[in-house]
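# Notes for the structure review
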Number of protein chains: 2
Amino acid sequence: MTGGTILTVGAFAMDTIFRLDALPEGPGKVIPLDAVEVAEGMAAAQAASIVRLGGKAALWASTGDDATADRMVAQLTAEGVDMRRIRRVPGARSGFSAIFMDRAGQTMIVPRYDPAITSDPGVDPDLDGVAAVMVDVRWPQAARRALASARGAGLPAILDADLASAETLESLLPLATHVVASESAARLVTGREPAEAVVALAARYRVFAAVTAGAEGCYWVDGTTLRHTPAPRVAAIDTLAAGDVFHAGFALGLVEGWPMDEVLRFASAAAAIKCTRFGGRLGCPSRDEVEGIMRAPS
Amino acid sequence: MTGGTILTVGAFAMDTIFRLDALPEGPGKVIPLDAVEVAEGMAAAQAASIVRLGGKAALWASTGDDATADRMVAQLTAEGVDMRRIRRVPGARSGFSAIFMDRAGQTMIVPRYDPAITSDPGVDPDLDGVAAVMVDVRWPQAARRALASARGAGLPAILDADLASAETLESLLPLATHVVASESAARLVTGREPAEAVVALAARYRVFAAVTAGAEGCYWVDGTTLRHTPAPRVAAIDTLAAGDVFHAGFALGLVEGWPMDEVLRFASAAAAIKCTRFGGRLGCPSRDEVEGIMRAPS
């Protein structure tokens, strides 16, 4: 069964990722092992990953009207993401980050965002051809519009509940049909650790809820039953965008109508492979690669 | 007296400079106070600074054939630098760096260079309209050609002797008519501290020699007399490209035929003002600003 287009909504920025033997410990010059410039941010990384995993994706995100935006849009267009909904804010600067990463995937991140980028879009998203909406927490006014519009159209309204202010999270949670939260965001909202937090989220917001806990796998609630899906064991070298690959796999399985257990195993396997590859979202595997690791004996 | 065009030769890369409250001390995220993307590298920063200081400059440097090169060339063209001699290497990537800088100007620098960029240019530089040549140590085969061509044409052949391999420095020093060396490079070549090193350089290579020592000013040899020019005292917040501004002032004064004492006071004052401004070479002052600080009581 194939699904339609997944519209992702939120963060979009240009990252330059420098792979280093070790993070700098003070002033000085360090020659990197490798370096890549990659347009990502959560929603953008999710959209590109959905396409790599065999789905269809469109991005609703906000940029400046600068040359960086041109390169960001060109990169995502080349990945096969539908970029027709991108907003360009006159006079604003597109977001960008420098990321130093060591061999174990530990990072120093310096992100630069122009607040003008995340102003109210003033319109609801175009849902023509869209089968599901997935929003992150970085463009809250667009996220609220997108979740509400999706619910109004009877579509899955997925919230990537990563760490944000409690106010932002609590304004988005009631609008979602599906919540996939990070451990830290779940703790902020519920005051509990992952297994208890996911139960609290599902009950409080009457949604499907999952909480990701990195190498410890993810907890989710099936009806009223707490479930746990382990993460495949891998030697992680770059966890940047691993959460986005997980969310991409989740949304894809959902719109393709798989059993929820399979959706979460697929998302976990995709994220695990990503962790073994340098380059943020560029490390997202193909569907064949994910299915390969799912069939392998653990 | 006005001079002709100064051709600078060597480093050209895109720096992204993030100004931070403090350098990171381990993994994590740091929000910058400010951030700029600026095309610099020694030779490029020198060329742009020469124009800001009221002179004429052309750049001979090597880039990839990527979009970064387009932006780099556009930035320097907008500064008024003659960019007709830029070499683009097919299939190569332009150099770029991420720089984290604290409030005191201390930096963590991660530069990424494609070795293909610094291959032999295969031709000597076009010296049409050129009044002096100034080379750095980052594109040695071009630097050797440029110094030799300048000497052959009876023009000043200035070497910015910054830290490089002893082999590179020793291949360039005999070709120069004027050497302005950093403290560390002078120490590498002579084994001595600045005041003794500058005397050794002047005698060994029979050139005009100066050695810069940051806030301690610069040492130079006038005929056979050791001279010292103090640096104006400033509260430094960004020393990035201060050496390039110094070299720009030096080359400009030289082609305009000023007394050497005035040349070095001008270069020192220009570099001192630059140190008070964030943004690498973007902090280079105008000639009026330099002359203002030179007239001020110290």
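Residues numbered from 1 in each chain as written. Chains lettered and ligands numbered in written order. Predicted model: local features only at pLDDT ≥ 70, side-chain atom pairs only at ≥ 80, totals over all residues. Heavy atoms only, no water.

### Examining the pattern of salt bridges
- On inspection of all chains with the given rule, the structure shows 37 salt bridges over all chains.
- Notably, a salt bridge pairs Asp 124 of chain A with Arg 145 of chain A, separated by 3.1 Å at the nearest N-O pair. Separated by 21 residues along the polypeptide, Asp 124 of chain A in the loop between strand E8 (107-112) and strand E9 (130-135) and Arg 145 of chain A in helix H3 (residues 140-152) bring together distant segments of the chain.
- For Arg 145 of chain A, a relative accessible area of 22% gives the class partly exposed.
- A salt bridge links Lys 274 of chain B to Asp 238 of chain B, with the shortest nitrogen-to-oxygen separation between them at 3.6 Å. Residue Lys 274 of chain B is found in helix H8 (residues 260-275), and its partner Asp 238 of chain B is found in the loop between strand E14 (225-229) and helix H7 (242-255); the two are separated by 36 residues along the sequence. Per residue, the accessibility class of Lys 274 of chain B equals that of Asp 238 of chain B, and both read buried.
- Connected via shared salt-bridge partners are Asp 222, Arg 227, Asp 261 and Arg 265 of chain A. (Salt bridge = Lys/Arg side-chain N within 4 Å of Asp/Glu carboxyl O. Helix = DSSP H or I, 4+ residues; strand = E, 2+ residues; numbered from the N terminus. Buried < 20%, exposed > 50% of the residue type's maximum accessible area, 1.4 Å probe, protein only.)

### Topic: the relation of the copies chain B and chain A
- Its rotation angle being 180°, the transformation that places chain B on chain A also includes 0.0 Å of axial translation and leaves an RMSD of 0.0 Å. Such a combination of rotation and displacement between the chain copies is what one expects of a two-fold axis.
- A share of 100% of interface residues in chain B that are also interface residues in chain A marks the association as one of identical surfaces. (Least-squares fit on C-alpha atoms with pLDDT ≥ 70 in both. Contact = heavy atoms within 4.5 Å.)

### Points about the sheet that holds strand E10 (residues 157-161) of chain A
All names here are of chain A.
- Taking strand neighbours across the sheet as the criterion, the nine strands line up as E6-E5-E1-E9-E10-E11-E12-E13-E14 in an open arrangement whose pairing is mixed. Every other strand in the sheet has two partners, leaving strand E6 (87-89) and strand E14 (225-229) as the edge strands with one partner each. Taken pair by pair, the neighbouring strands of this sheet meet at an average axis angle of 20°, ignoring direction.
- Two strands pair when backbone bridges link them, and E9 and E10 are joined in this way by three bridges, in the parallel orientation. The residue bridging Val 133 from the neighbouring strand is Ala 157, located in E10. (Pairing = 2+ DSSP bridges. Axes fitted to C-alpha atoms, helices over the stretch in contact; angles between N-to-C directions.)

### What to know about the pairing of strand E7 (residues 95-101) of chain A
Residues and elements named next belong to chain A.
- Burial analysis of E7 places seven of its seven residues in the buried class, which makes it a mostly covered element.
- Neither face of E7 is left uncovered, since the one carrying Gly 95, Ser 97, Ile 99 and Met 101 and the one carrying Phe 96, Ala 98 and Phe 100 both have all their residues buried.
- Pairing analysis gives seven bridges linking strand E2 (residues 13-19) to E7, with the strands arranged parallel. When the sheet's bridge partners are listed, Ala 13 is paired in E7 with Gly 95.
- As judged from the six bridges shared by E7 and E8, these two strands associate in the antiparallel manner. Along E8, the bridge assignment pairs Ala 98 with Val 110.
- What sits between E7 and E8 in their antiparallel hairpin is a turn of five residues, with Gly 105 showing a positive phi close to 85°.

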